[in-house]
Amino acid sequence: MLEIKNLHASIDGKEILRGVDLVVPTGEVHAIMGPNGSGKSTLSYVLSGRDGYDVTEGEIIFDGSDIVEMPAEERAAAGVFLAFQYPLEIPGVATMTFLKAALNAQRKARGEAELTTPDFIRRVKVASEKLNVSQEMLRRPLNVGFSGGEKKRNEILQMALLEPKLAILDETDSGLDIDALRVVSEGVNSLRSPERSMLVITHYQRLLDHIVPDKVHVMSAGRIVRTGGPELALELEAKGYADYAGEAA
Amino acid sequence: MPAIQETVDQVSQIDVDQYKYGFVTDIESDRAPKGLSEDIVRFISAKKNEPDWMLEWRLDAYRRWLTMTEPTWSRVHYPKIDFDDLYYYSAPKSSPGPKSLDEVDPELLAMYEKLGIPLREREILAGVEGASDRRVAVDAVFDSVSVVTTFKEELKKAGVIFCAISEAIREYPEIVKKYLGSVVPVTDNYYATLNSAVFSDGSFVYIPEGVRCPMELSTYFRINERNTGQFERTLIIAEKGAHVSYLEGCTAPMRDENQLHAAVVELVALEDAEIKYSTVQNWYPGDKDGKGGIYNFVTKRGDCRGDRSKISWTQVETGSAITWKYPSCILRGDDSQGEFYSIAVSNGYQQVDSGTKMIHLGKNTKSRIISKGIAAGRSDNTYRGLVSAHRKASGARNFTNCDSLLIGDKCGAHTVPYIESKNASAVFEHEATTSKIADDQLFYCLQRGLSSEEAVALIVNGFVKDVIQQLPMEFAVEAQKLISISLEGSVG
Ligand SMILES: Nc1ncnc2c1ncn2[C@@H]1O[C@H](COP(=O)(O)OP(=O)(O)OP(=O)(O)O)[C@@H](O)[C@H]1O
Ligand SMILES: [Mg+2]
């Protein structure tokens, strides 16, 4: 599904990703952990095609082809989804309106017919009930005045609707209370499928208790410095990143 | 005086006398030569078969205009206008005042299509009685002369007069005399005075006491000929307890020369009357380098003359190279209300200086201002608004909300509020925000699959929602589309 080879990327002339190698096979869930500033969010942006990053070396093979040159909206339609660490607000645009616009834009880009309104509403209803997202929230402007936890749930709702092939979750657990963490994790788990890969960025082992990854990677100073099974997360939880400090700078 | 009278008499008898006017007129083009003089004013008046009092009114305005200078207080910059290099009268080629569409130049009908006039309205123009029960009467003003007037009969039944102002001057002189210039005095400002001297045509609406106008009234303007100054004049009177909603929408094709447009709109609302005036303005804004485009210097003012009367302005401004426009309300009657809802979009090199004046004179008068300015490209967008309370305006209230949205970093947004209160009990609230379409907001949308144009349109439509909701349905959809089109290419 996803194969990142020797990826170097910089912003404003500053190199942040310094040779990332990472393979996420179809159907697997991988976690990325790593100290603050190690480049996890940057990797998620570069994977999803955000402007402003210079990929100076390396490849991103998604679904068989290199997507480094592909614009962000095309990657989205091709099935790359990013749940943002800090979801953005769009005043005056009802969440519902936004969801519909996004879903139909992707469908259009893939040459599929737009969803009819009743069909769309049905899908939203199913997904939102699972995630405890109220109808009232769907009528409110996107993320405006949403609590931290509501914003995160809204991200997973979008993921559920857009049905991506590759979902990158950037610290989706931060800001969630214990109940919300469970709801969101269940939501994510229900989206696990043999056709879908996930890259879960987190600082905390407790998320990985809920969403059990196939592999855990440690990122430090713009590189994947270690890869292991779920037990690696436990080790990190106990020892911290001190072992990898040498990799930085 | 006798000399003037003699001229007028002769002019009204014959069409054009080359000698008397000192210029040659090509009847076919039906256009007065360039430049402005008393003779041109007489020519225009004669062309319209106007009564003497109207000519005198125009000449008085012209003479006063000669003593005035162009205002310089606004935030717009443009090369000096050579008022002698403009045409002040131009009529369309088809014969004036056709009785049916068959008599209308097919070119003009084709124009409706190009202008994207909604199908239903085109159908109405084509004589097809719409399936919809909510009908729109269209008084189309092409260049200067009203060419088509529909639904006249039905309006007549309700006692509503909706016609070209030139017709009203001839048919309803008493009403026109009473109200013309009573809201915007002849000497109000440079452009209004110029308009008073040379106004070509425009609409006249009179709603009799207690009548609710049975349909929304709509006018489409279009600037037709090269170098033709457009001087529309609109007068709307709502008698006691009358209601009317008037829609004005306009657009123009590409052109490369600057054109002056100086319209005057006067609204009069008597006791318990209500006037809603909505505008979608989409004139040519100039090319990518800022060349060409319409100069739009408009004076729009409503007088809430009667107690409990209400005037509401809603405008969506996307066009013109320069917009200088402050639709205002004089809240004279006690408990009267004024509203101003505005969306002003500027892109490219457009300059917008727009806003409103709410003049509270009566007791317990209320006003509400919601202004949304969107600046993209290298444009400049200024909100300029005055809220004032007179000594006697006890209990006056105003709420102002003024938001600006910037797209890119080469444009500018400015808010210039003036607040004057001579009554201690007046309560004026003012809110203002300036925001930017941030890169991360855009990326968020792109990541969800929207193109950058769709993303901007979505964000902008969210930003202007409060105002769009004030527009009549048929305008709301058009306006949203127009806003998106106007911002095409503003990012990425
Ligand atoms: N626009 C930018 N210009 C310069 N440096 C940047 C820019 N954006 C990010 N960085 C730097 O890149 C590094 C990686 O940032 P990134 O947000 O990817 O880290 P992270 O691993 O997601 O951290 P956290 O765990 O705190 O979320 C940081 O040192 C950050 O300061
Ligand atoms: Mg991060």
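Keep in mind it's a predicted model, so treat the numbers as computed, not measured. (Residues numbered from 1 in each chain as written. Chains lettered and ligands numbered in written order. Predicted model: local features only at pLDDT ≥ 70, side-chain atom pairs only at ≥ 80, totals over all residues. Heavy atoms only, no water.)

S.K.: Quick question: what am I supposed to make of the overall build of chain B here?
M.R.: The helix and strand inventory of chain B stands at 14 helices and 21 strands. When each of the 492 residues of chain B is scored for burial, the buried share is 60%. For chain B, contacts bridging at least 24 residues in sequence account for 83% of all contacts bridging at least 6. As displayed, chain B offers around 19200 Å² of accessible surface, 49% of which is attributable to carbon and sulfur atoms. (Helix = DSSP H or I, 4+ residues; strand = E, 2+ residues; numbered from the N terminus. Buried < 20%, exposed > 50% of the residue type's maximum accessible area, 1.4 Å probe, protein only. Contact = heavy atoms within 4.5 Å. Areas by Shrake-Rupley, 256 points an atom, 1.4 Å probe, with all protein chains shown as cover.)

S.K.: Explain the packing of aromatic side chains here, please?
M.R.: Geometry of an aromatic ring pair is reported as the spacing of the ring centres plus the angle between the planes. The full count for this structure, using the stated rule, is 25 aromatic pairs over all chains. Taking 5.8 Å as the distance between ring centres and 85° as the angle between the ring planes, the aromatic pair formed by Tyr45(A) and Phe443(B) counts as edge-to-face. You can see Tyr45(A) sitting in helix H1 (residues 40-48) and its partner Phe443(B) sitting in helix H11 (residues 439-447), one on each of two chains. Since its relative accessible area comes to 16%, Tyr45(A) is described here as buried. Summarising the aromatic geometry, the rings of Trp65(B) and Phe83(B) are spaced 5.4 Å apart at their centres and angled 75° between planes, so their arrangement reads as edge-to-face. Separated by 18 residues along the polypeptide, Trp65(B) in helix H4 (residues 52-66) and Phe83(B) in the loop between H4 and helix H5 (106-114) bring together distant segments of the chain. Residue Trp65(B) is classed as buried on the basis of its relative accessible area, which comes to 8%. Residue classification places Phe83(B) among the buried positions, given a relative accessible area of 8%. In textbook terms, an aromatic cluster arises when at least three aromatic residues are bridged by ring pairs, as seen for Tyr62(B), Trp65(B), Trp73(B), Tyr78(B), Phe83(B), Tyr190(B), Tyr191(B), Tyr295(B), Phe297(B), Trp324(B) and Tyr326(B). (Phe/Tyr/Trp six-rings, centres within 6.5 Å; stacked < 30°, edge-to-face > 60°.)

S.K.: How should I be thinking about the coordination of the magnesium ion (ligand 2) in this particular structure?
M.R.: Any two of four tetrahedral donors ideally make an angle of 109.5 degrees at the metal, while pairs among six octahedral donors ideally make 90 or 180 degrees. Residue and element names in this part refer to chain A. Around the magnesium ion (ligand 2), the donor atoms from the protein are Ser41 (OG) and Gln85 (OE1), and they sit 2.0 to 2.3 Å away. A residue pair is termed long-range when its members are at least 10 positions apart, and serine 41 in helix H1 and glutamine 85 in the loop between strand S6 (80-83) and strand S7 (90-94) qualify at 44 residues. By relative accessible area, glutamine 85 is classed as buried at 14%. (Donors = N, O, S within 2.8 Å, 3.2 Å for Na, K, Ca; no water.)

S.K.: For this particular structure, what's the right way to read the confidence of the model for chain B?
M.R.: For residues with low pLDDT, the predicted coordinates do not support detailed interpretation. Residues and elements named next belong to chain B. Chain-level pLDDT for chain B is 79 on average; 76% of the residues reach the 70-or-more range. For residues 1-29, every residue scores under 50 in pLDDT, and the model assigns this stretch 38 contacts once sequence neighbours within four places are set aside. A low-confidence stretch, residues 251-256 stays under pLDDT 50, and its non-local contacts, those more than four residues away or across chains, total 20 contacts. Taken over the whole predicted complex, pTM reads 0.79, whereas the ipTM for its chain interfaces reads 0.95. (pLDDT = per-residue confidence, 0-100.)

S.K.: What is the right way to look at the nonpolar core in this model?
M.R.: One broad trend across soluble globular proteins is that nonpolar side chains are buried collectively. Counting 69 residues, the largest nonpolar core has Leu43(A), Ile374(B) and Val460(B) as its most contacted members. Per element, the largest residue contribution to this core is six residues, and it comes from helix H12 (residues 452-463) of chain B. In this structure, Ile374(B) is in contact with Ile343(B), Ala344(B), Val345(B), Ser346(B), Asn381(B), Leu405(B), Ile407(B), Val460(B), Phe463(B), Val464(B) and Leu487(B), ignoring residues within four places of it in sequence. The next biggest cluster of nonpolar side chains, apart from the first, holds 51 residues, and it includes Leu36(B), Met54(B), Trp57(B) and Tyr295(B). (Core = buried A, V, L, I, M, F, W, Y, C linked by side-chain atoms within 4.5 Å.)

S.K.: Which parts of the structure should I look at to understand the packing of H4(B) against helix H10 (residues 190-198) of chain B?
M.R.: Packed helices, taken two at a time, are described by the angle their axes make and the gap between the axes. All names here are of chain B. The geometry of H4 relative to H10 is characterised by a closest axis approach of 7 Å and an angle of 145° between their N-to-C directions. Crossing of H4 against H10: the hand is left-handed. Note on element contacts: H10 touches H4 through Tyr190, Thr193, Leu194, Ser196, Ala197 and Val198, opposite Trp57, Arg58, Ala61, Tyr62, Arg64 and Trp65. Across the contact of H4 with H10, the residue classes tally to eight nonpolar, two polar and two charged. (Axes fitted to C-alpha atoms, helices over the stretch in contact; angles between N-to-C directions. Left-handed = near helix turned anticlockwise from the far one by under 90°. Nonpolar A, V, L, I, M, F, W, Y, C, P; charged D, E, K, R; others polar.)

S.K.: Even after reading the chapter, I still don't get the interface of chain A and chain B, so can you show me in this structure?
M.R.: It is common to report an interface's size as the accessible area lost on association of the parts. Between chain A and chain B, the contact holds 31 residues from the first and 18 residues from the second. Here chain A packs against chain B, burying approximately 1900 Å² in sum over the two surfaces, 66% of which is carbon and sulfur. On the chain A side of the interface with chain B, the three residues burying the most area are Arg50(A), Glu73(A) and Leu88(A), jointly 27% of the side's total. The residue Arg448(B) makes a salt bridge to Glu155(A) at a minimum N-O spacing of 2.6 Å. For the side of chain A that touches chain B, the elements supplying multiple residues, two or more each, are H1, helix H2 (72-78), S6, S7, helix H3 (95-109) and helix H6 (148-162) of chain A. (Buried area = accessible area lost by both parts, 1.4 Å probe. Salt bridge = Lys/Arg side-chain N within 4 Å of Asp/Glu carboxyl O.)

S.K.: Would you mind showing me how to read the side chain of Ser10(A) here?
M.R.: In this structure, Ser10(A) sits in strand S1 (residues 2-11). Setting aside residues up to four positions removed in sequence, Ser10(A) forms contacts with Glu15(A), Ile16(A), Gly52(A), Tyr53(A), Asp54(A) and Thr56(A).

S.K.: Could you clarify how one ought to interpret unusual backbone geometry in this entry?
M.R.: Leave glycine aside and you will find that most residues have negative phi; peptide bonds, for their part, are mostly trans. Non-glycine residue Asn143(A) carries a positive phi angle of around 65°. Phi angles above zero are rare outside glycine, and Asn364(B) is one such case at about 50°. As for its position among the elements, Asn364(B) is in the loop between strand S16 (351-360) and strand S17 (366-375).

S.K.: Just to check I follow, could you spell out the sheet that holds strand S9 (residues 166-170) of chain A for this structure?
M.R.: Whether parallel or antiparallel, the strands of a sheet pair through hydrogen bonds between backbone atoms. All names here are of chain A. Strand order across the open sheet formed by six strands is S6-S9-S10-S3-S11-S12, with mixed pairing between neighbours. Edge positions in the sheet fall to S6 and strand S12 (223-228), since each has one partner strand and no second. Averaged over all pairs of adjacent strands, the angle between their axes in this sheet comes to 20°, without regard to strand direction. The pairing of strand S3 (residues 29-33) with strand S10 (residues 197-201) spans four bridges and is classified as parallel. (Pairing = 2+ DSSP bridges.)

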